[in-house]
Amino acid sequence: MIPELGHFALIVALLLALTQAILPLYGAQRGNLTLMSVARPAAQGQFVFVAIAFGCLAYSFLTNDFSVENVARNSFSQLPEIYRFTATWGSHEGSMLLWALILGFWTTAVSVFSRHLPDDMVARVIGIMGLISSGFLAFLLTTSNPFLRLLPAAADGRDMNPLLQDPGMVIHPPMLYMGYVGFSVAFAFAIAALLSGRLDAAWARWSRPWTTVAWAFLTFGIGLGSWWAYNELGWGGWWFWDPTENASFMPWLAGTALIHSLAVTEKRGAFKAWTVLLALTAFSLSLLGTFLVRSGVLSSVHAFATDPARGAFILGFLVVVIGGSLALFAWRAPKMLTGGRFTWFSREALLLSNNVVLLAALGTVLLGTLYPLLLDALGMGKISVGAPYFNAVFVPVIAPALFLMGIGPLARWKEASLPDMVARLKWALAISVATGLLLPLTLKGFNPWATLGFTLSVWIALTVLIGFRERLKHGGRLNSLPRGFWGMQLAHLGMAWGVAGITLVANYQQEHDVRMNVGDHTQLAGYTFTFQGTTERPGPNYRAARGTVEVSQNGKKLFVLHPEKRIYNASGMPMTEAAINYNFFRDIYVALGEPLDDQATTWVVRIFHKPFINWLWIGALFMAIGGFLAASDRRYRIAVKALVPGNTAVQGA
Amino acid sequence: MKRWLPLVVFAVLVGFFAKGLFLNPREVPSPFIGKPAPAFSLPVVGNPGAAFSPADMKGKVWLLNVWAPWCVSCRQEHGVLMELSRNQPVPIVGLNWKDKEREAEQLLAQHGSPYLAVPDDLTGKVGIDYGVTGTPETYVIDKAGIIRMKQVGPISPEVWKEKFEPKLKELGA
């Protein structure tokens with residue numbers, strides 16, 4: 001009964017989404033206020049019904065209703081309750097439903113926080129989001145219905161993919177989707193502006209906080225995903241350049257370019273066409289990522305079960321949404337006047353260069369991700385593009401953006417003076433280059449990659465400090481600096497922090513794969529590891545061999561780690577559960593490989609010493625916090641009111 | 001006309017995607033099924049001087065697993081193969097494909113080897129003869145030396161149960 005209710009709620013949601021799309025868009029074109037006023041209630045109603053559908057599916061999972069096919073495929077009676085809940089979005093169908101739910105959430109947020117916007121703008125933005133919702137809900141109902149029954153019911157489920165049974169996975173997809181889907185707001189604003197022809201600073205100001213919040217969620221989500229891969233895959237890596245990861249990284253790069261370009265459009269009225277194109281690109285790449293992962297066009301380590309009908313539907317949807325928006329862009333582009341003159345050396349020019357570099361980096365990732373598909377489609381053979389390509393190409397391309405990050409915030413709008421800039425930054429530059437050259441010498445000898453990483457990291461950190469100092473010198477007080485400034489500085493500092501972490505762990509990690517018998521010792525990075533054997537330990541839905549590894553330093557016992565090798569009951573899948581001792585300066589990571597004898601007394605033990613790896617995630621966290629902080633700047637709340645003529649204070653109150 | 005450029009780029013991509021939908025990166029219908037396994041003779045990793053040739057396996061049903069030390073999904077598959085090599089009577093031969101960094105011997109020494117023998121296909125030529133498209137791939141070869149099945153991508157316990165077990169039973173392994 002409950003699954004049928006969910007199914008029904010989904011149908012109602014689709015009808016409401018169609019209403020939300022068609023009536024307000026038509027009304028906005030005709031100037032019909034009555035039709036436009038349908039937007040808000042339809043959007044909110046749609047969200048409520050998608051939420052009901054989601055609740056019904058979650059209920060089916062929590063109550064182990066194995067007569068629902070999706071539950072039978074993706075859950076298991078012995079699965080702990082929290083994972084039974086997260087299994088709701090662990091499957092293809094469920095994750096699409098989560099996507100629709102989050103889209104509904106964002107639309108509702110727009111409908112609530114848009115009291116100060118002109119009615120036709122609101123109607124168009126919500127209408128466009130309704131169109132996107134309609135597409136996703138129709139996709140769910142026609143090709144990916146999560147509520148299909150399985151008759152007769154299965155006796156038990158086939159279990160959730162063990163890889164996904166991890167605390168990081170509990171919140172990673174919702175955070176990631178908040179980011180992906182959040183770019184739909186910027187997209188909808190851009191389309192609305194193209195439709196109305198009102199591409200001005202006000203449009204940029206309205207889009208900015210939404211874009212920044214979505215970007216912050218995406219940053220957080222990607223960070224969590226990387227942390228999950230590090231903990232769960234058991235190989236000690238934190239980024240694999242897998243198509244699924246690239247699918248989230250490409251919108252992030254476009255989004256990063258977009259938030260910077262929006263700043264120029266808002267403050268100076270320049271780059272309008274460019275900013276609009278980026279807004280379209282960021283969300284298009286989110287959709288493209290969905291297509292690539294769901295359609296089976298690319299093979300990926302974490303691909304969902306694939307089905308050509310789904311691929312064809314999403315491709316059709318992409319053509320309508322992306323093709324339609326780019327056609328609209330091409331048609332309207334001549335109307336976009338470029339405003340605000342600037343010289344070759346100014347904040348505008350620097351931000352534009354940063355944008356170009358970010359997009360070039362995006363291009364390398366896109367090319368690497370699609371290359372196997374392109375060759376295959378041209379009948380030129382099947383290949384796979386791996387991490388060596390991405391590391392070799394991406395790092396040099398992104399490096400200039402990191403350098404520009406230091407200068408951009410300090411340069412004046414319109415026209416900056418190069419000699420003045422040199423005078424302000426010469427010490428920062430000298431210190432960062434010196435650190436980059438000397439620090440590797442004290443570690444393991446000269447290493448150009450380490451030099452590049454350290455130089456850029458110190459450079460960004462120092463320029464952030466200079467930014468604060470200059471603001472304070474000109475009569476500011478720390479607590480009177482606007483949140484937008486704080487947010488930017490924190491995010492940039494997070495980037496410096498993350499780059500430092502990446503540089504250290506990529507160049508100085510030590511690993512040791514060793515065959516160990518009970519009582520064996522081994523040394524790594526000054527620590528002594530003693531293997532004390534394994535014990536059988538049953539888990540809720542798996543059997544585990546739990547190893548005990550004692551770690552000591554200079555004869556002093558420090559701590560004991562318990563890596564596990566698990567065999568999941570329902571699927572028979574083996575899983576490695578690494579044991580990690582975290583601290584601010586290094587991680588010690590121990591994973592069990594394979595038992596080498598039948599009594600399981602000799603094992604392959606994999607030991608990593610990962611210096612400063614946590615800095616990477618601390619950096620991502622700072623970037624995300626910076627984003628949230630910047631989006632909460634009070635000027636977005638105040639200025640919007642003042643900008644819209646004829647808007648009464650009563651409405652805003 | 002540069003304003004049309006994004007649309008044109010997108011249209012080209014859509015063309016590729018549409019084509020891509022009808023290609024499966026995982027499942028390549030192998031023209032070798034039902035044909036004799038191409039002959040080769042390669043040195044064996046970890047056993048200097050020895051050579052392996054498919055002719056050595058005449059009279060047995062066996063698996064030729066194409067893997068590489070640099071391949072991440074092979075590592076995922078390794079655990080499954082280890083499990084199989086302990087419990088299953090079918091011999092697995094691991095073709096070490098394009099191991100330019102020469103890591104296979106060390107890896108197998110450390111993690112254990114599920115393989116009866118590891119022929120060393122450094123140049124990838126044998127891989128070409130077999131139509132290898134990527135790693136891991138596994139060929140099922142019967143007693144007469146005929147290729148009977150090809151699995152593209154890692155063998156999971158599920159794949160083993162659904163695809164390999166019935167096939168091996170049919171071939172009388």
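Residues numbered from 1 in each chain as written. Chains lettered and ligands numbered in written order. Predicted model: local features only at pLDDT ≥ 70, side-chain atom pairs only at ≥ 80, totals over all residues.

Visitor: A description of the overall build of chain B should follow, citing residues and the corresponding values.
Guide: Counting secondary structure elements, chain B contains five helices and seven strands. Going residue by residue from the N terminus, the α and β elements of chain B occur as α-β-β-β-α-β-α-β-α-β-β-α. On the principal axes, the C-alpha backbone points of chain B span a range of 65 × 40 × 30 Å. Relative to its 173 residues, chain B shows a buried fraction of 41%. Sequence separation of at least 24 residues holds for 73% of the intrachain contacts in chain B that already meet a minimum separation of 6. (Helix = DSSP H or I, 4+ residues; strand = E, 2+ residues; numbered from the N terminus. Buried ≥ 20, exposed ≤ 12 C-beta atoms within 10 Å, placed from the backbone. Contact = placed C-beta atoms within 7 Å.)

Visitor: Would you mind going over the sheet that holds strand 10 (residues 603-611) of chain A in detail, with residue names and values included?
Guide: Residues and elements named next belong to chain A. Pairing is antiparallel across the open sheet formed by four strands, whose spatial order is 1-10-9-8. A single partner strand is all that each edge strand has here, and the edge strands are strand 1 (510-516) and strand 8 (579-582). For this sheet, the mean inter-axis angle between neighbouring strands, taken without regard to orientation, is 15°. Sheet analysis places strand 1 next to strand 10, joined by seven bridges and oriented antiparallel. Note on strand 10: the bridge partner recorded for Arg515 is Val604. (Pairing = 2+ DSSP bridges. Axes fitted to C-alpha atoms, helices over the stretch in contact; angles between N-to-C directions.)

Visitor: Please set out the interface of chain A and chain B residue by residue, giving values where relevant.
Guide: Opposite the 40 residues of chain A that make contact, chain B presents 30 residues. Every element with two or more residues in the side of chain A that touches chain B is listed here: helix 11 (272-295), helix 12 (308-332), helix 13 (347-377), strand 1 and strand 9 (586-595) of chain A. When its residues are assigned to classes, the side of chain A that touches chain B shows 26 nonpolar, nine polar and five charged. (Nonpolar A, V, L, I, M, F, W, Y, C, P; charged D, E, K, R; others polar.)

Visitor: How would you explain the confidence of the model for chain A if you had to name every residue and give the values?
Guide: All names here are of chain A. Averaged over every residue, the pLDDT of chain A is 87; residues scoring 70 or more account for 94%. The weakest mean pLDDT in chain A belongs to helix 20 (residues 649-652) at 34; the strongest belongs to helix 3 (residues 39-62) at 95. In this model residues 300-305 is a low-confidence stretch, pLDDT under 50, and it forms 14 contacts with partners more than four residues away in sequence or in other chains. (pLDDT = per-residue confidence, 0-100.)

Visitor: Provide a residue-level description of the sheet that holds strand 7 (residues 147-152) of chain B, including the pertinent values.
Guide: Residues and elements named next belong to chain B. Here five strands make up an open sheet; going across it, the order is 5-4-3-6-7 and the pairing mixed. The two strands at the open ends of the sheet, each matched to only one other strand, are strand 5 (120-121) and strand 7. Bridging between strand 4 (residues 92-97) and strand 5 involves two bridges; their strand directions are parallel. In the sheet register, Asn96 faces strand 5, and the bridge partner there is Asp120. Sitting on the sheet, helix 5 (residues 157-171) touches strand 6 (137-141) and strand 7, and the angle it makes with strand 7 is about 170°.

Visitor: Give me the packing of helix 9 (residues 201-232) of chain A against helix 18 (residues 614-631) of chain A: which residues, what numbers.
Guide: All names here are of chain A. Relative orientation of the contacting elements helix 9 and helix 18 amounts to 165°, with a least axis distance of 8 Å. If you check the angle between helix 9 and helix 18, you find them roughly antiparallel. Seen from above, helix 9 lies across helix 18 with left-handed handedness. Touching Pro209, Thr212, Val213, Trp215, Ala216, Thr219, Phe220, Ile222, Gly223 and Trp227 of helix 9 are Trp617, Ala620, Leu621, Met623, Ala624, Gly627, Phe628, Ala630 and Ala631, all from helix 18. Its residues assigned to classes, the contact of helix 9 with helix 18 comprises 15 nonpolar, four polar and no charged. (Parallel < 35°, antiparallel > 145°, perpendicular 65-115°, else oblique. Left-handed = near helix turned anticlockwise from the far one by under 90°.)

Visitor: Give me the domain arrangement of chain A: which residues, what numbers.
Guide: All names here are of chain A. Each domain of chain A was delimited in the assignment, giving domain 1 (1-165), domain 2 (199-334 + 342-412), domain 3 (417-506 + 619-653) and domain 4 (510-612). A separation of 25 Å is found between the C-alpha centroids of domain 1 and domain 2. At five residues, the largest contribution of residues to the side of domain 1 that touches domain 2 is made by helix 7 (residues 119-143). Along the lines of polarity and charge, the residues of the side of domain 1 that touches domain 2 split into four nonpolar, five polar and no charged. (Domains from an automatic or database assignment.)

Visitor: Can you break down the pairing of strand 2 (residues 521-524) of chain A residue by residue, with the values?
Guide: Residue and element names in this part refer to chain A. Examined bridge by bridge, strand 2 and strand 3 (residues 527-538) share four bridges and lie antiparallel to one another. The residue bridging Gln523 from the neighbouring strand is Thr528, located in strand 3. Joining the antiparallel neighbours strand 2 and strand 3 is a turn of two residues, in which Ala525 adopts a positive phi near 50°.

Visitor: Can you lay out the environment of Glu577 of chain A for me, pointing to particular residues and giving the numbers?
Guide: All names here are of chain A. Looking at where Glu577 falls in the secondary structure, it is placed in strand 7 (residues 574-577). Judged by C-beta crowding, with 22 C-beta atoms within 10 Å, Glu577 ranks as buried. As for Glu577 and Gly168, which are separated by 409 residues in sequence, their C-alpha atoms are 13 Å apart. Discounting residues that sit within four places of it in the chain, Glu577 has contacts with Pro563, Glu564 and Arg566.

Visitor: Report on unusual backbone geometry, specifying residues and quantitative values.
Guide: Positive phi values are uncommon outside glycine, yet Phe271 of chain A reaches one of about 60°. Unlike most non-glycine residues, Lys414 of chain A shows phi in positive territory, near 70°.

Visitor: Can you break down the confidence of the model for chain B residue by residue, with the values?
Guide: Within chain B, residue pLDDT values average 84, and 94% of them lie at 70 or more. Mean pLDDT values for the elements of chain B range from 82 in helix 2 (residues 72-87) of chain B up to 92 in strand 3 (residues 62-67) of chain B.

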